[in-house]
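# Close look at the chain arrangement
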Amino acid sequence: MKKKGVLLVNLGSPDSTSVSDVRRYLRQFLMDGRVLDAPYPVRFFVVYCLILPTRPKESAEAYEKVWLPEGSPLVVMSEKQTAALKQGLDLPVELAMRYQNPSIESAVEKLSEQGVEELVVVPLFPHYAMSSYESAVVEVDRVLAKSASQIEAVYVPPFYDDVEFIDSLVASASDSLAGDYDHLLFSFHGLPERHLRLSDPTGEHCLSCEDCCSGDHPAHKTCYRAQCYKTVEAFVEKAGVPKDKYSVAFQSRLGRDPWLKPYTDKVVAGLPEKGVKKLLVMCPAFVADCLETIEEIGMRAKEDFVEAGGEELTLIPCVNDHPRWLSALEGLTRRHLDGVADA
């Protein structure tokens, strides 16, 4: 039998909070044509002339606020998830980041050195997006073809509505939901609206009408927004959250092009005037807390909420190393390992 292994892939983080490391990370991230999908000359101008001269210093200051003694919160937590999965499966398991370190190249090299011939790749993105899930898959394919063509890879699809994933979200939020709160806001990472249209295989469904995310449609297989709403629907049903007590928004927009709405910062600032004093926010697009959850929501959004008249904003942690999520991750991976065996 061929030896099996597993590769977990998350987005990535600077190697440190130094401006140079942050600049290196932003350069690699933003020059990805699936992140900034403009023609190369335009992308080069935007990144090198408009973003990199000032953004690295601002981002470095933000990273300093969340940095752990062990390093980046995203990388540290992803390493814990990797260690737990390796122990549960008793197989070669490596972690890679789409941008920076540990790199996909180094992870594939380690797996190859361990004799892995069949590989299950788990992109740690619950929802499909060309700038995250698709980019990771394409890059892993490129690296394998270049340096480890003997390895056959299968990819775990987005798990936005996987029962065990939803259960882990509910379990991780249970203590917060058991307390006193006025409103629960689901804040997903935003995307430019054009990304949804580019990912629509039908070329005509996404964003064509107000309820395009309702029901089932072939376009939903690669529609980030539809999958986000499916996660929310499954969560509130499982957790028993009343319909009038939650809403959905999208954060982290960049540039002037239209992004998915409503925008989290606008929603947060407007909730106090609607009578919301105690706000819960959770970010189900991430399986590990990171800059976008800890700093953007837990710090900046919290300040904005209080300044607008709110009393308390509580960030519900991501699933991180919650036992239910570690069990779900192992179950998800095992099902695809079994699929490799059957094939």
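Now for a look at the structure at hand. For clarity, every value in this text was computed on a predicted model and none was experimentally measured.

Overall, parallel pairing links the 4 strands, which are arranged E2-E1-E3-E4 in an open sheet. Each having just a single partner strand, strand E2 (93–99) and strand E4 (152–155) make up the two edges of the open sheet. Each neighbouring strand pair of the sheet contributes to a mean axis angle of 30°, computed without reference to strand direction. As paired strands, strand E3 (residues 118–123) and E4 are joined by 4 bridges and run parallel to one another. Bridge pairing links Val121 to Tyr155 in E4. Contacts from helix H4 (residues 73–89) reach strand E1 (4–12) and E2, with the element oriented near 155° to E2. Where helix H5 (residues 104–113) meets the sheet, it contacts E1, E2 and E3, and its direction lies at approximately 160° from that of E2.

Moving on to empty space enclosed by the protein. Gaps between atoms show up when a probe of the same size as a water molecule is rolled over them. A complete count under the given rule lists 1 cavity of 30 Å³ or more for this structure. Looking at the largest cavity, its volume works out to about 40 Å³. Taken together, Leu169, Met282, Cys283, Pro284, Phe286, Ile316, Pro317, Cys318 and Val319 form the lining of the largest cavity. In terms of residue class, the lining of the largest cavity is built from 9 nonpolar, no polar and no charged.

Tallied over the entire structure, the rule returns 12 aromatic pairs. Between Phe186 and Tyr246, the aromatic rings sit 6.0 Å apart at their centres with planes inclined by 85°, giving edge-to-face as the arrangement. With Phe186 in strand E5 (residues 183–189) and Tyr246 in strand E6 (residues 246–251), this residue pair connects regions lying 60 residues apart in the sequence. Geometrically, the ring pair formed by Phe188 and Phe250 is tilted, given 6.2 Å between the ring centres and 35° between the ring planes. With Phe188 in strand E5 and Phe250 in strand E6, this pair connects stretches of sequence that are 62 residues apart. By the burial criterion, Phe188 is buried, and Phe250 matches it. A network of ring pairs unites the aromatic residues Tyr25, Phe29 and Tyr99 as a single cluster. In this arrangement the basic side chain of Lys245 is found over the ring face of Tyr181, its NZ or CZ atom lying 4.2 Å from the centre. Lying over the aromatic face of Tyr263, Arg253 brings its terminal NZ or CZ to 3.9 Å of the ring centre.

To continue, consider the sheet that holds strand E8 (residues 312–315). An order of E6-E5-E7-E8 is seen for the 4 strands of this open sheet, with the pairing classed as parallel. Across the chains shown, the open sheet's two edge strands, defined by having one partner strand only, are E6 and E8. On average, each strand axis in the sheet is inclined to that of its neighbour by 25°, with strand direction left out of account. Pairing of strand E7 (residues 278–282) with E8, which is carried by 4 bridges, proceeds in the parallel orientation.

Formed by 71 residues in total, the largest nonpolar core has its most connected members in Leu184, Phe186, Phe188, Tyr224, Phe235, Leu279 and Trp325. When near neighbours in sequence (up to four residues on either side) are disregarded, Phe188 contacts His127, Tyr224, Cys228, Val232, Val248, Ala249, Phe250, Gln251, Pro284 and Ala285. Of all hydrophobic cores here, the second largest spans 21 residues; its members include Ala96, Val121, Ala148 and Ile151.

Basis of the calculations
- Residues numbered from 1 in each chain as written.
- Predicted model: local features only at pLDDT ≥ 70, side-chain atom pairs only at ≥ 80, totals over all residues.
- Heavy atoms only, no water.
- Pairing = 2+ DSSP bridges.
- Helix = DSSP H or I, 4+ residues; strand = E, 2+ residues; numbered from the N terminus.
- Axes fitted to C-alpha atoms, helices over the stretch in contact; angles between N-to-C directions.
- Contact = heavy atoms within 4.5 Å.
- 1 Å grid on protein atoms, 1.4 Å probe; cavity = no way out; pocket = protein on both sides within 12 Å on 5 of 7 lines; lining within 4 Å.
- Points joined across faces, edges and corners; volume = space filled by probe spheres on them.
- Nonpolar A, V, L, I, M, F, W, Y, C, P; charged D, E, K, R; others polar.
- Phe/Tyr/Trp six-rings, centres within 6.5 Å; stacked < 30°, edge-to-face > 60°.
- Buried < 20%, exposed > 50% of the residue type's maximum accessible area, 1.4 Å probe, protein only.
- Lys NZ or Arg CZ within 6 Å of the ring centre and 35° of its normal.
- Core = buried A, V, L, I, M, F, W, Y, C linked by side-chain atoms within 4.5 Å.

Note that every value here comes from positions in space, so none of it alone points to a role or purpose.
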